[in-house]
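Each chain, letter by letter, is given below.
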Amino acid sequence: MNTPRKHQAGLTLIELMIALTLDLIIIAVVVGVFLSTSQNSRQNEALAAVQDNARFALDAIARDLAMAGYWGGVRPIDALLSIKVSAGARSAAATAVGSCGPVGESPDVWLLDIARPLQFRNHLSAQLPCLVSASVQADTDVLVIRRVSGIAAYSNDGVLPATGTTQQGRFYVKTNQNVGALFRVGTDFSLAGPSDCPDATGISETCKPTTTPVQVYAYTPQIYYVRSFLKSADESPRIPILCRRYLEDTASPPEMREDCLAEGVENLQIEWGIGSEGNNAAERYTSTPTEDQLLQARTVRIHVLVRSTVGNVQLSGDTKTFSLGDLTGFSPTPTTGVVRRSFTTTVQLKNFHP
């Protein structure tokens, strides 16, 4: 007896096409999710980098501003009368490379001008000479801060043994919190010297204080600004960066050197909270203070605009505007795929009022 032959059923062409279509849909969904996740990850990384650079930039400026005008306990207003600058220090500062003194101010007077712990260039003002060739970003402010280090390089209170050491060639302020002198260390440091501080008549006298207690602090003037920065010859566009000039006083001759801090900082704007005598609170804010108003400043608002340093985020290149202090409606050049964010912090000036 013949057994009927069993035939194995297969897929019809229509069924095969349906299966392939479903597979393609699933693959498309998976790829879409992967691309979306990857894009979100890149955007989150870009935002995190922007925030980190902004935080670093604001912290650096805020720390210096909080210490602006610190002269080892002698306040800036008193420093006009009580802190003298030695002739030797002025002579060395006069040779400093890139000291940035504006037209009409000799390099030594500008660099060692402790009577002006703060100087400011609004983005509408003329640029400082040493920054003209530094590719400083247009429409950005420039800040000059003069102070001494928060930690004494040498201390002798008359009871405990002297501690710390000074470094040859460096500029220092020595003070007993009542009087003081700014000088440059020669071959050695002597508490009694130098003997070339001018008195009221211009005749040299010993730079006070000459007896204990006394503390000696390193002098640390700095200039903050934003400049264009090109990582490599073929990179475009340029990546902006927050930089500062600092005094390298052990060099021969001394010079203001550049140290760049935070990439992506595209703009810096500053507003000054001005108070009145006996009032420690800011009564009004201005972006164009006079030098007298800077001595009456109580707080400072720092605004920065920060962009991502790589353009790999899926964003449009549409023009966007930002308001940073008195710079309103600021529209940076559109850059496809670049994240931009503005940040603001307020700093209290601790050394300008009782």
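The following refers to the structure shown. Owing to the predicted nature of the structure, the values given are computational and were not obtained by experimental measurement.

Regarding a nonpolar patch on the surface
Residues Ile14, Ile18, Leu22, Ile25, Val29 and Val33 make up a contiguous nonpolar surface patch of roughly 580 Å² in combined accessible area. Take valine 29: it is sitting in helix H1 (residues 13–67). Judged by its relative accessible area of 49%, valine 29 is partly exposed.

Regarding the state of the cysteines
The tally for this structure, following the rule as stated, stands at two disulfides. With its sulfur 2.0 Å from that of its partner, cysteine 243 forms a disulfide with cysteine 260. Across the disulfide from cysteine 243 to cysteine 260, rotation about the S-S bond amounts to roughly 90 degrees, and the bridge is consequently right-handed. Linking cysteine 243 in strand S12 (residues 239–248) with cysteine 260 in strand S13 (residues 255–263), this pair joins segments that are 17 residues apart in sequence. Relative accessible area serves as the criterion here: at 0%, cysteine 243 is assigned to the buried category. The exposure class of cysteine 260 is partly exposed, given its relative accessible area of 28%.

Quick look at helix H3 (residues 87–94)
Residues separated by three or four positions in an α-helix point in the same direction, a consequence of the helix having 3.6 residues per turn. Within the sequence span of H3, burial applies to Ala89, Ala92 and Ala93. Down the axis of H3, the sector holding all buried residues measures 100 degrees, keeping them to one side.

Focus: the packing of aromatic side chains
All chains considered together, the criterion is met by four aromatic pairs. A ring pair is formed by tyrosine 70 and tyrosine 217, whose centres lie 5.7 Å apart and whose planes are at 80 degrees; its orientation type is edge-to-face. Of the two residues, tyrosine 70 is situated in the loop between H1 and helix H2 (76–82) and tyrosine 217 in strand S10 (residues 214–218); the sequence distance between them amounts to 147 residues. For the pair tyrosine 70 and tyrosine 217, a shared accessibility class is recorded, and that class is buried.

A closer look at the sheet that holds strand S6 (residues 171–175)
With mixed pairing, the six strands of this open sheet are ordered in space as S1-S7-S6-S10-S4-S5. Across the chains shown, the open sheet's two edge strands, defined by having one partner strand only, are strand S1 (83–85) and strand S5 (163–164). Sheet topology note: the S1/strand S7 (residues 180–184) ladder contains three bridges and is parallel. Among the inter-strand pairings, isoleucine 83 is bridged to a residue of S7, identified as glycine 180. Along the sheet, H3 makes contact with S1, S6 and S7, crossing S7 at roughly 45 degrees.

Some remarks on the environment of glutamine 51
Along the chain, glutamine 51 falls in helix H1. Note on glutamine 51: relative accessible area 40%, which makes it partly exposed. Sequence separation between glutamine 51 and arginine 307 is 256 residues; the distance between their C-alpha atoms is 9.4 Å.

Observations regarding the nonpolar core
By size, the foremost hydrophobic cluster in this structure holds 34 residues, and its most contacted members are Leu65, Leu118, Leu143, Trp272 and Ile302. Ranked by the residues each element gives to this core, the list is headed by H1, at nine residues. Ignoring any residue separated from it by four or fewer positions in sequence, one finds leucine 143 in contact with Ile61, Leu65, Leu118, Gln119, Gln222, Ile223, Tyr224, Ile270 and Trp272. If you look at the next biggest cluster of nonpolar residues, it comprises 33 residues, including Ala79, Ala92, Phe171 and Tyr219.

Criteria and cut-off values
Residues numbered from 1 in each chain as written. Predicted model: local features only at pLDDT ≥ 70, side-chain atom pairs only at ≥ 80, totals over all residues. Heavy atoms only, no water. Patch = residues over 30% accessible without salt bridge, like charges linked within 9 Å, V, L, I, M, F, W, Y side chains within 5 Å. Areas by Shrake-Rupley, 256 points an atom, 1.4 Å probe, with all protein chains shown as cover. Salt bridge = Lys/Arg side-chain N within 4 Å of Asp/Glu carboxyl O. Helix = DSSP H or I, 4+ residues; strand = E, 2+ residues; numbered from the N terminus. Buried < 20%, exposed > 50% of the residue type's maximum accessible area, 1.4 Å probe, protein only. Disulfide = S-S within 2.5 Å. Arc of directions from axis to C-beta. Phe/Tyr/Trp six-rings, centres within 6.5 Å; stacked < 30°, edge-to-face > 60°. Pairing = 2+ DSSP bridges. Contact = heavy atoms within 4.5 Å. Axes fitted to C-alpha atoms, helices over the stretch in contact; angles between N-to-C directions. Core = buried A, V, L, I, M, F, W, Y, C linked by side-chain atoms within 4.5 Å.

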